[in-house]
Structures are given as C-alpha cells and as structure tokens.
Amino acid sequence: MKILICDDSTMIRRQLTNMILELGDFEIFEASNGSSAIDIYKENKPCLVFMDIIMPELDGIGAVNGIIDFDKMAKVVMLSSVGTKDNLSKALKAGAVDFIQKPVEVDVLKRTIDKFCREV
Amino acid sequence: MFTQFFGQFLLNNDLVSAEELNIVFQNIKSTRLRLGMIAIDEGFLTPTQVVVINNLQKKHDKRFGEIAVEFDYLTEVNLEKILNMQQSEHLKMAQTIVDLGYMTLEEFAEALNTYKRYYGISDESFDELKNGKVDEVIYNIINTENQVIKEYVTLFYKNIIRFITNEVYISEPVKLNGDEKFKYLFEQKLKGDQELYTAYTADESVLISFSSKYAGETIEVIDEFTIDVCKEFLNLHNGLFAVNMSDMDSKFDLEIQSHKENDVPLGDNLYKIPFHTDFGVVCLIIGM
C-alpha cells in the first residue's frame, strides 16, 4: 500500500517514514511542498496522504484542494502543529478526512492507517 | 527545575560560587534525603529535636522514623507523609548544600525566604514550584504585563522540558540594542490579533546538542538537516502556542519559519531571554 507524506521538514518526513514502516509493509512517497504533493499523488495514487499545513509554494490546504479536485475519493489526513479550530474547519471544508495534532504518536498513526488504508 | 532556578539566585547573590553550585548539581542526584530534614521543613520537628532523635538512634539502633514515633516526636500519619516526600527537589538541594558545608541550614532557609520575597512568590506558588509548576516564577522573572508574552515564554519553557531537557531555568530578559548579530537565528512571525516576532539562537555546540535531542538521533555538525531540525522545533512550538491561544479565542497564523546566519533579528522592542540548560544556553528572542 502506498502512503504519501507531505511536510517541508526533512526531520518530520524521516520520522514519519520510520514510524510507518514499523507498522507494516508500505511504499512511502515524500513531498516537501503542496505543489509537488499534488504531482506525486496524480502519478502514484497513494491510499493515504499525510499533509502538513505551513509549507512554502503551496500550503497544505491548497494541496488538499488540488488533490481532491483530481480524486474526490482521496484520503488526506492533515498532520500539523497548528491544530486550531480555524485550520481544522478549513481542512475539512477542503476535503481532508481527519486532522492529527503534532507531535504525532505511534498509536494515533496506527489507528489512522488502519482506518483509512483498510477502507481501500 | 526548582534547583536550577534557586541555584541561579544563590549564585547571583554570592551565596555560593559557580564552582560550588556545580558541585551541588553533581551531588544532588545521589543525595539521599534524611527524614529529619523533611520533618523540619514540614514543621513537624525542630532542628534540636532532630539532634535528640539522632542521638537516640545511636543508643537504640533503630531507624529515625521508628524512634520518632516511639518517643512521640512524630505521629504515624506525619511519618508516612514525610516518607512520601523523600524525592523533594528543594530539600535535596538544601541537604546537599549543608552537607558540603557551603551554607548552614539556617542560612539556606533565610535565602529561600529572601528568594520568595524577591520574586513575590506566595507559599502556595512556592508549593507549585516545588511540584514543578513554574508559571508564576516565570511571570515574575520576565516581568511583563503582556499576557500573550507570558503565555508564550511559559510554553517555550514547558516545550524545552517536554522535547529537549528537563534541566532548564530562565534568567531575566535582556533588551537587544538592534545591532547585535547572531551566528544562528531561527525565526518565525505570527500574525493575528497581534503581530509577534519570535526567534531563538544559541552557539554552535549548543545547537548541535539541542537538535540531537529534539531529532532523537546523533547530530555532530550544523548542516542542512540540523537547520531543518532547529526550524521545525520553532514551528512546532509556535503551532502549539497558536492552538492554546485559539482555545482562548485569540487568533494567530504562522508564517513560514526561516533561518539566518550572522545577522540581526528584525523587530521592535526585542528582548532575549536566556534558557539555561544542562548543555548550554538557548536564547529566546521576542518582542515585548
């Protein structure tokens, strides 16, 4: 199963990749901004996307809009430190299916992957 | 954390030297707190009574608590209470300083009272400080009426403890003159109900330790990855701050975090607040 991680922080992408690979046999794709996330999604159609919000070029909300425009069934989970009510509302309106507040914990990650990748 | 705050106070007031304070910090971890010390602090026994019980111990070869209860110096309830307090940080510090001969118990008690008066710490707040709740102490050190700044600095302190090290204390803010350059500066602006310039800086070796601890992996040089780690810490902290403020109906949006080298922070009325850790000083820079 394919998972796309979109975060401008190399450290976050690395940590998330390691955590996800401990949970199972996944193929991980990485993007460092919203624009490349849309391109990588279109090419690989992952079962799940973890999307940061604050990023250069195109932010996470913009990227969710772009991905959902391409694939209305896309499963995008926001993964951000800025879990304000405002951002949560914007993300869900854009089509995100869930919002995880950083720092992410393994059990939350596992539950999210089980929930959205199992639905595929 | 109490030991770091109070240790700084003792140092600033020439009650101990830097070398002595260092020795105290090294010895505290291995100090086994004597029940007599706790009982005095709680007001259950006087120093004289403790001496009497110690002498009785030698005659009867029994433990301090057993003798104290047998000879009606302590009740069973009080003994149980002090037995549960054997991890008390401030008492370990007192015992270590006294055992090393740097101060007498009376001098230590007097210094503690002066510290509480100086920072306007009530007995209730001091109990909170002993239990690791430092909000009021931090408010008193940074000395600002701006509630947003108070919340920000306190959260930064708590996030240092949460993600980096629990051996940290802060000292008083220093106003920046606008010309001071910093070798490494990690910045992020927050915009919303008010505009907030935030940044932090540290020396190279401190940043290497800081980023190693935050990333949870060995980092030995400042490279692109280290810079990324340092920026991400500020981003995480500011995100958590925005969430807290949002819960208080105060809105903040984050701009992209950045870093600069050999440059000055941009903003008005900036102060740097030193966070002293076990691996060096990290300075938070904020407009106050």
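(A) A look at the packing of aromatic side chains. All names here are of chain B. Here the structure, examined in full by the defined rule, presents 17 aromatic pairs over all chains. Between F156 and F233 the ring centres are 5.9 Å apart and the planes differ by 85°, which places this aromatic pair in the edge-to-face class. Here F156 is found in helix α11 (residues 147–163), whereas its partner F233 is found in helix α13 (residues 224–247), with 77 residues between them in sequence. Of the two residues, F156 and F233, both sit in the buried class. Measuring from ring centre to ring centre gives 6.1 Å for Y200 and F233, while their planes differ by 80°; the resulting arrangement is edge-to-face. You can see Y200 sitting in strand β4 (residues 196–202) and its partner F233 sitting in helix α13, a full 33 residues away along the chain. Considered together, Y200 and F233 belong to a single accessibility category, that of buried residues. Three or more aromatic residues link up through ring pairs in this structure, and these residues are F156, Y157, F163, F186, Y200, F210, Y214, F233 and F275.

(B) Looking closely at the state of the cysteines. All names here are of chain A. By the definition in use, this model includes zero disulfides over all chains. Looking at the unpaired C6, the closest cysteine sulfur is the one in C47, lying at 16 Å. For C6, a relative accessible area of 1% corresponds to the buried category.

(C) Seen up close, the layout of surface pockets. All names here are of chain B. Considered as a void within the structure, the largest pocket measures approximately 530 Å³ in volume. Along the walls of the largest pocket sit 23 residues, with R34, L35, G36, M37 and F64 positioned nearest its centre. At the level of elements, α3 (35–42), α4 (47–60), α5 (64–70), α6 (76–83) and α8 (105–118) are the ones that each hand at least two residues to the lining of the largest pocket. The element best represented in the lining of the largest pocket is α4, accounting for six residues. Among the residues making up the lining of the largest pocket, the classes are represented as 12 nonpolar, six polar and five charged. Its volume calculated, the second largest pocket comes out at about 400 Å³. Lining the second largest pocket we find 15 residues, and of these T3, Q4, F25, K29 and E167 sit closest to its centre. Sorting the residues of the lining of the second largest pocket by element identifies α1 (2–12), α2 (18–28), α7 (89–99) and β7 (270–277) as the ones contributing at least two each. Of the residues that constitute the lining of the second largest pocket, the class distribution is four nonpolar, six polar and five charged.

Reading guide: rules and limits
- All residue numbers refer to positions counted from 1 along the written sequence of the respective chain.
- Whichever chain is written first becomes A and whichever ligand is written first becomes 1, with later ones labelled in order.
- Only residues with pLDDT of at least 70 are given local features in this predicted model, and only at 80 or more are side-chain atom pairs given and counted; all residues enter the totals for whole chains, interfaces and linings.
- As a convention, hydrogens and water are excluded, and side-chain values are obtained from all of the structure's heavy atoms.
- For Phe, Tyr and Trp, where Trp contributes only its six-membered ring, two rings pair if their centres lie within 6.5 Å, and the inter-plane angle classes them as stacked under 30 degrees, edge-to-face over 60, or tilted in between.
- Counting from the N terminus, the helices are DSSP H or I runs at least four residues long and the strands are E runs at least two residues long.
- Partly exposed residues are those whose accessible area sits between 20% and 50% of the maximum for their type, while under 20% is buried and over 50% is exposed, using a 1.4 Å probe and protein chains only.
- Disulfide assignment relies on a single distance test, namely cysteine sulfur atoms paired within 2.5 Å.
- In the cavity and pocket records, a cavity denotes points on a 1 Å grid over the protein atoms alone where a 1.4 Å probe fits but cannot get out, a pocket denotes an open set with protein on both sides within 12 Å along at least 5 of 7 lines, and lining residues are residues with an atom within 4 Å of a point.
- Grid points are joined across faces, edges and corners, and a volume is the space filled by probe spheres set on the points.
- Residue polarity is assigned by list, with Asp, Glu, Lys and Arg as charged and Ala, Val, Leu, Ile, Met, Phe, Trp, Tyr, Cys and Pro as nonpolar; anything else, Gly included, falls into the polar class.

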